[in-house]
Amino acid sequence: MPIVENHNKVDINKRKMINGGEADVMQLYPMKHTFAWDAYIAANANHWLPTEISMQRDIEQWKNPTFLTPDERSAFETVLGFFSTADSLAANNIVMATYKHITSPEARMYLLRQSYEEAIHTHAYQYIVESLGLDQGKIFNMYREVSAIYNKDNMMLSLNEGIFDPNFKTGTLENDQKLLENICMFSLVLEGIFFYSSFAVILSFQRQNKMTASAEQIQYIMRDESNHFNFGVKVIETIKEEQPELWTPEFQQRIIDMVKKGVELEYTFAVTVFPKGIFGINAEGFKQYVEHIADRRLRSVGLPEQYGVENPFPWMSEAIDLDKEKNFFETRVTEYKVGGQLEW
Ligand code: FE
């Protein structure tokens, strides 16, 4: 479409997260959703690459036939099987489904950065698989073969059908709700629940001083994902403010049901990952952990808790808790920034 000559400046009041195309999606200024710009700047400061982390120790541990039990190996591979396609799913959702319907240029800046981060995450799994000499066909095809992973991915993809349609347009109550539901699904369920429980599995390896280089990769990913989640929540909150008519009681119930279904699938996944428990975590304890996380996700967008359970693994919340996480990464991030300035 050719650019139409127009001497009127952009009206910031017309800028909206969705349905704001009138305010020109190519002009970054005037900025309205400044949280998105802040998130973009913070994400750049967190830049990292998988190949910066030496895998040597993990390679030795993995090749040692007695260091890990068969159950531990199976859990490690199954979690990697989930991870290896989940970030592709997230990236595809941004690039092919949501991006074009988000009409805030500053939010688009973050989405561009986020989609690159999803690529870095897929790179990290590739790097782990390659370094350890794992069966690539087995790990990367697990989402088709292991039903507990397939069912999670299928739930994500089922919400995309309408939005992937090239004729899909926002601007009606039904379609706007469909898009908002998609954003809730990817932020609350994929990045908020489906990822976090797998993070916990890898962190439990780390607590045993096992596969710590892989765990370090996962911690970087965890930091990125928690920022993706926080950004997603702010996008949801912004859409709620700008178009309160979308957030009907029926719609809220849809989101609650979606989160509850996600919890069930996650529990089934946990049972698949460690049928006999791992490092003192059994599936029942894990179920409670997933429920606890799900309540936090619901609360973050103003929806009522559904489970009201305590966190059964306080050590996980210490490792995953966002504020502490920032301190945890401080040294490394500073190092990276200095290195980056010198090298480039
Ligand atoms: Fe993400």
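The rules behind these values
- Residues numbered from 1 in each chain as written.
- Predicted model: local features only at pLDDT ≥ 70, side-chain atom pairs only at ≥ 80, totals over all residues.
- Heavy atoms only, no water.
- Helix = DSSP H or I, 4+ residues; strand = E, 2+ residues; numbered from the N terminus.
- Rg over C-alpha atoms; globule rule 2.2 N^0.38 Å.
- Buried < 20%, exposed > 50% of the residue type's maximum accessible area, 1.4 Å probe, protein only.
- Contact = heavy atoms within 4.5 Å.
- Polar contact = N/O pair within 3.5 Å; in protein donor to acceptor, adjacent residues only side chain to side chain.
- Axes fitted to C-alpha atoms, helices over the stretch in contact; angles between N-to-C directions.
- Parallel < 35°, antiparallel > 145°, perpendicular 65-115°, else oblique.
- Left-handed = near helix turned anticlockwise from the far one by under 90°.
- Phe/Tyr/Trp six-rings, centres within 6.5 Å; stacked < 30°, edge-to-face > 60°.
- Lys NZ or Arg CZ within 6 Å of the ring centre and 35° of its normal.
- Expected span 1.5 Å × (residues − 1).
- Arc of directions from axis to C-beta.
- Salt bridge = Lys/Arg side-chain N within 4 Å of Asp/Glu carboxyl O.

K.L.:
Teacher, can you tell me more about the overall build of the protein here?
P.N.:
A tally of helices and strands in the protein yields 14 helices and zero strands. Mapped from its N terminus to its C terminus, the protein presents α and β elements in the order α-α-α-α-α-α-α-α-α-α-α-α-α-α. Relative to the 2.2 N^0.38 estimate, which gives 20 Å for 344 residues, the radius of gyration of the protein is 21 Å and therefore close to what a compact globule would have. Projected onto its principal axes, the C-alpha coordinates of the protein cover approximately 70 × 50 × 35 Å. Taken across its 344 residues, the protein has 52% of its residues classed as buried.

K.L.:
Where do I start with the environment of Pro 105 in this structure?
P.N.:
Structurally, the position occupied by Pro 105 is in helix H4 (residues 105-132). Remark: the alpha-carbon pair of Pro 105 and Tyr 29, spanning 76 residues in sequence, is separated by 8.4 Å. Non-local contacts of Pro 105, meaning those with residues more than four positions away in its chain, are made with Arg 15, Asp 24, Val 25, Gln 27 and Leu 28.

K.L.:
Would you explain the environment of Arg 297 in this entry?
P.N.:
Summarising the element assignment, Arg 297 is placed in helix H12 (residues 283-300). Owing to a relative accessible area of 4%, Arg 297 belongs among the buried residues under this scheme. In sequence terms Arg 297 and Met 96 are 201 residues apart; their C-alpha atoms lie 25 Å from each other. Among the polar contacts made by the side chain of Arg 297, one reaches the main-chain carbonyl oxygen of Gly 192 at a distance of 2.8 Å.

K.L.:
Can you walk me through the packing of H4 against helix H10 (residues 212-242) in this structure?
P.N.:
For any two helices packed against each other, the geometry comes down to the angle between their axes and how far apart the axes lie. The interhelical angle for the contact between H4 and H10, taken along N-to-C directions, is 160°, at an axis separation of 10 Å. Of the possible angle classes, the one that applies to H4 and H10 is roughly antiparallel. Classified by chirality, the crossing of H10 by H4 is left-handed. For the pair formed by H4 and H10, the contact residues are Ala 107, Tyr 110, Leu 111, Gln 114, Glu 117, Glu 118, His 121, Ala 124, Tyr 125, Tyr 127 and Ile 128 on the first element and Ser 214, Gln 217, Ile 218, Ile 221, Asp 224, Glu 225, Asn 227, His 228 and Phe 231 on the second.

K.L.:
Looking at this model, I keep getting lost on unusual backbone geometry. Mind explaining?
P.N.:
Negative phi is the rule for most residues except glycine; trans is the rule for most peptide bonds. Omega for the peptide link from Tyr 29 to Pro 30 comes to 0°, which places this bond in the cis form. A positive phi angle, near 65°, is found at Asn 209, a position not held by glycine. Counting through the fold element by element, Asn 209 comes out in the loop between helix H9 (173-207) and H10. Despite not being glycine, Phe 279 shows a phi value in the positive range, around 45°.

K.L.:
I keep staring at the packing of aromatic side chains and nothing clicks. Help me out?
P.N.:
The geometry of two aromatic rings is summed up by the distance between their centres and the angle between their planes. Per the counting criterion, the structure on display carries 18 aromatic pairs. Ring geometry for Trp 48 versus Tyr 220: centroids 5.0 Å apart, planes at 20°, classification stacked. Here Trp 48, found in the loop between helix H1 (34-45) and helix H2 (56-63), pairs with Tyr 220, found in helix H10; they are 172 residues apart in sequence, far enough to count as distant. Taken as a pair, Trp 48 and Tyr 220 share a single burial class, namely buried. By way of ring pairs, the aromatic residues Phe 82, Phe 83, Tyr 125, Phe 195, Tyr 196, Phe 199 and Phe 269 are connected into one cluster. The aromatic ring of Phe 82 is capped on one face by Lys 152, whose charged end is 3.6 Å from the ring centroid. The residue whose ring lies beneath Lys 210 is Phe 67, and the NZ or CZ to ring-centre distance is 5.7 Å.

K.L.:
I would appreciate a short explanation of H1 in the present structure.
P.N.:
Since the α-helix advances by 3.6 residues per turn, residues separated by three or four positions end up pointing in the same direction. Between its first and last C-alpha atoms H1 spans 17 Å; for 12 residues at 1.5 Å apiece the expected length is 16 Å, and the two agree. For H1, the complete set of buried residues consists of Phe 35, Ala 36, Ala 39 and Ala 43. An end-on view of H1 places all buried positions within 100° of arc, on one side of the element. Turning to H1, the residues buried within the fold contact H4 and H10.

K.L.:
I would appreciate a short explanation of the pattern of salt bridges in the present structure.
P.N.:
Note on pairing: side chains with opposite charge can pair once their charged atoms come close. Under the defined criterion, the tally for this structure stands at 12 salt bridges. When the shortest N-O distance is used, the salt bridge between Asp 71 and Lys 276 registers 3.2 Å. Of this pair, Asp 71 sits in helix H3 (residues 70-98) while Lys 276 sits in the loop between helix H11 (249-273) and H12, placing them 205 residues apart in sequence. Residue Glu 237 pairs with Lys 240 through a salt bridge whose shortest N-O separation is 3.1 Å. With Glu 237 and Lys 240 both in helix H10, this residue pair falls three residues apart, about one helical turn. Taking relative accessible area as the criterion, Glu 237 reaches 26% and is therefore assigned partly exposed.

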